[in-house]
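# Architecture at a glance
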Amino acid sequence: MRLSKGARAGIVLVSAAIAIGLILFGIFGYLRTYPPTVAATPSPTQPNTVDLTLQVEGAVGTGPHPQWVGWYAKDAAGKWVRTTIYQVPEKTYVHVTVYEYDSGGPLRNPYWGKVLGTQGGVEYLNGKPVSVLDAASGNGVAHTIDAPSLGLNIPVWGVNGNAKNFCQQGPCNPSEAHNVITFTFYSGNTTHTYRWQCFIPCGVGYLEGNGGPMAETGYMAGFFKVVA
Ligand SMILES: [Cu+2]
């Protein structure tokens, strides 16, 4: 059977429309779920508390920009997921552990060295409580976790970039040079999505250090989703 010209044109047009629809569905589906959300897990020891475990490194090692600086979060199965979107319950204490593998330096604004918004006004740097970090000395500050609407400013102390076991590519592991920073904050009494970002212009190679990973969710910017 020979199809008429009109019928053939119709088949081509309908096929093209279906193909374009499928491509758009795929693209928007990807954008909706990227990067993924990792939920904090209930603390096995503390009441009304969830645990969130993160790591940050100079090169994430995976994804579209393996050389970019960025964060991972540990999911409920113990797998490291490259993301900056974290889900926590409302009216809950969030106990955060950060494994820090990147080198640091002086801060452009020393105020960012002050710990703000945590239980007791401190963070614990390798087990020791500190309320302010002097980034002009030692390894300096590598990154910060800032969620202004939660009042949170967490300076994260760097490692020596010349260390023999400096982690070159993520996800890193504790046999490589690192600091452990822990702190606890209250998630608040309402459901809300809070933006957070690193205040250190750590996008090396971009204008003033503020482009690239600094401008993209999943690297140096993300969200705390506070849910019911
Ligand atoms: Cu940073």
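Scroll up a little and you will see the structure.
What you are looking at is a predicted structure, and each value in this text was computed from that prediction instead of being measured. Along each chain, residue indices are assigned from 1 in the same order as the chain's sequence is written. Local features in this predicted model are restricted to residues whose pLDDT is 70 or higher, and side-chain atom pairs enter the listing and the counts only when it is 80 or higher, whereas totals over whole chains, interfaces and linings include all residues. No hydrogens and no water enter the side-chain calculation; it runs on all heavy atoms of the structure.

### Some words on a nonpolar patch on the surface
Stated precisely, the cut-off is as follows: Note on patches: the residues involved have over 30% relative accessible area and no salt bridge, like charges join within 9 Å, and the nonpolar side chains Val, Leu, Ile, Met, Phe, Trp and Tyr join within 5 Å. The method behind every accessible area is Shrake-Rupley, applied with a 1.4 Å probe, and residues are considered shielded solely by the protein chains displayed. For this document, the term salt bridge refers to a Lys or Arg side-chain nitrogen within 4 Å of an Asp or Glu carboxyl oxygen. A run of H or I in DSSP becomes a helix once it reaches four residues, and a run of E becomes a strand once it reaches two; helices and strands are each numbered from the N terminus.
Residues V14, I18 and L22 make up a contiguous nonpolar surface patch of about 300 Å² in total accessible area. If you trace the backbone, V14 turns up in helix 1 (residues 5-33).

### Let's talk about the coordination of the copper ion
Where we set the bar: Here the term donor refers to an N, O or S atom within 2.8 Å of the metal (or 3.2 Å for Na, K and Ca), and because water is left out of the atoms, sites may appear incomplete. Angle rules define the geometry names used: all angles between 85 and 135 degrees makes four donors tetrahedral, while opposite donors over 155 degrees apart and all other angles between 65 and 115 make four donors square planar and six octahedral, leaving every other case irregular. Burial classes follow relative accessibility: with a 1.4 Å probe on protein chains only, a residue under 20% of its type's maximum area counts as buried, one over 50% as exposed, and anything between as partly exposed.
Looking at the metal site, the copper ion is ligated by H143 (ND1), C198 (SG), C202 (SG) and M220 (SD), spaced 2.1 to 2.5 Å from it. Geometry at the copper ion is tetrahedral, judged from its four donor atoms and the angles of 95 to 127° they form at the metal. All donors to the copper ion come from one chain, and their sequence spacing reads H-x54-C-x3-C-x17-M. In this pair, C198 sits in the loop between strand 13 (192-197) and strand 14 (221-227) while M220 sits in the loop between strand 13 and strand 14, placing the two residues 22 residues apart along the sequence. With relative accessibility at 0%, the residue C198 sits in the buried group.

### Brief notes about the pairing of strand 10 (residues 141-147)
Put simply, the test is: Pairing between strands is defined by DSSP: at least two bridges between them are needed.
Counting buried residues in strand 10 gives seven out of seven residues, a clear majority hidden from the surface. Where strand 10 lies against strand 11 (residues 152-157), six bridges are found, and the strand directions are antiparallel. Counterpart to I145 in the pairing with strand 11 is I154. Between the antiparallel neighbours strand 10 and strand 11 lie four residues, among them G151 with a positive phi of about 70°.

### Remarks on unusual backbone geometry
Here the bond from G170 into P171 is cis, since omega is -10°, no more than 30 degrees from zero. Considering the arrangement of structural elements, one finds P171 in the loop between strand 11 and strand 12 (179-186). Positioned with a positive phi, N48 is a non-glycine residue whose angle comes to about 50°. By the secondary structure assignment, N48 is in the loop between strand 2 (41-42) and strand 3 (49-57). Since its relative accessible area comes to 44%, N48 is described here as partly exposed. Positive phi values are uncommon outside glycine, yet E208 reaches one of about 55°. By relative accessible area, which is 55% here, E208 ends up exposed.

### Describing the packing of aromatic side chains
To be explicit about the condition: Each aromatic pair joins two rings of Phe, Tyr and Trp (for Trp, the six-membered one) with centres within 6.5 Å, and gets the label stacked for planes under 30 degrees apart, edge-to-face for over 60, and tilted for any other angle.
Using the criterion set out here, one finds ten aromatic pairs in the structure. A ring pair is formed by Y93 and Y186, whose centres lie 5.1 Å apart and whose planes are at 50°; its orientation type is tilted. Of the two residues, Y93 sits in strand 7 (residues 93-100) while Y186 sits in strand 12, which places them 93 residues apart along the sequence. In this structure Y93 comes out as partly exposed when scored by relative accessible area, which is 32%. An angle of 45° between the planes, with centres 6.4 Å apart, marks the rings of W196 and F224 as tilted. Pair noted here: W196 is in strand 13 and F224 is in strand 14, with a separation of 28 residues, a long-range link.

### Overview of the state of the cysteines
The criterion, for reference: The criterion for a disulfide is a pair of cysteine sulfur atoms lying within 2.5 Å.
Per the stated rule, a full pass over the model turns up one disulfide. The side chain of C167 participates in a disulfide bridge whose partner is C172; the two sulfur atoms lie 2.0 Å from each other. Looking along the S-S bond of the C167-C172 disulfide, the torsion reads about -80°, which is the left-handed sense. For the residue pair C167 and C172, the accessibility class agrees, reading buried in each case.

### Quick notes on the pairing of strand 7
The pairing of strand 3 with strand 7 spans eight bridges and is parallel. Of the residues in strand 7, the one forming a bridge with L52 is V96. Bridge count between strand 7 and strand 12: eight bridges; the pairing is antiparallel. When the bridges of strand 12 are listed, E100 appears paired with N179.

### Quick look at the environment of P110
On the secondary structure map, P110 appears in the loop between strand 7 and strand 8 (123-125). On the basis of relative accessible area, P110 is assigned to the exposed category, the value being 63%. C-alpha of P110 to C-alpha of A135: the two residues are 25 residues apart in sequence and 7.3 Å apart in space.

### Some thoughts on the side chain of T144
Quick reminder of the rule: We call two N or O atoms a polar contact when they sit within 3.5 Å, provided that within protein one can donate a hydrogen and the other can accept it, with sequence-adjacent residues counted only if both atoms are side-chain atoms.
With respect to the helices and strands, the residue T144 is situated in strand 10. The buried category is assigned to T144, whose relative accessible area is 0%. Within polar-contact distance, the side chain of T144 engages the side chain of D146 at 2.6 Å. Of the polar contacts made by the side chain of T144, one reaches the backbone nitrogen of F199; its length is 2.8 Å.

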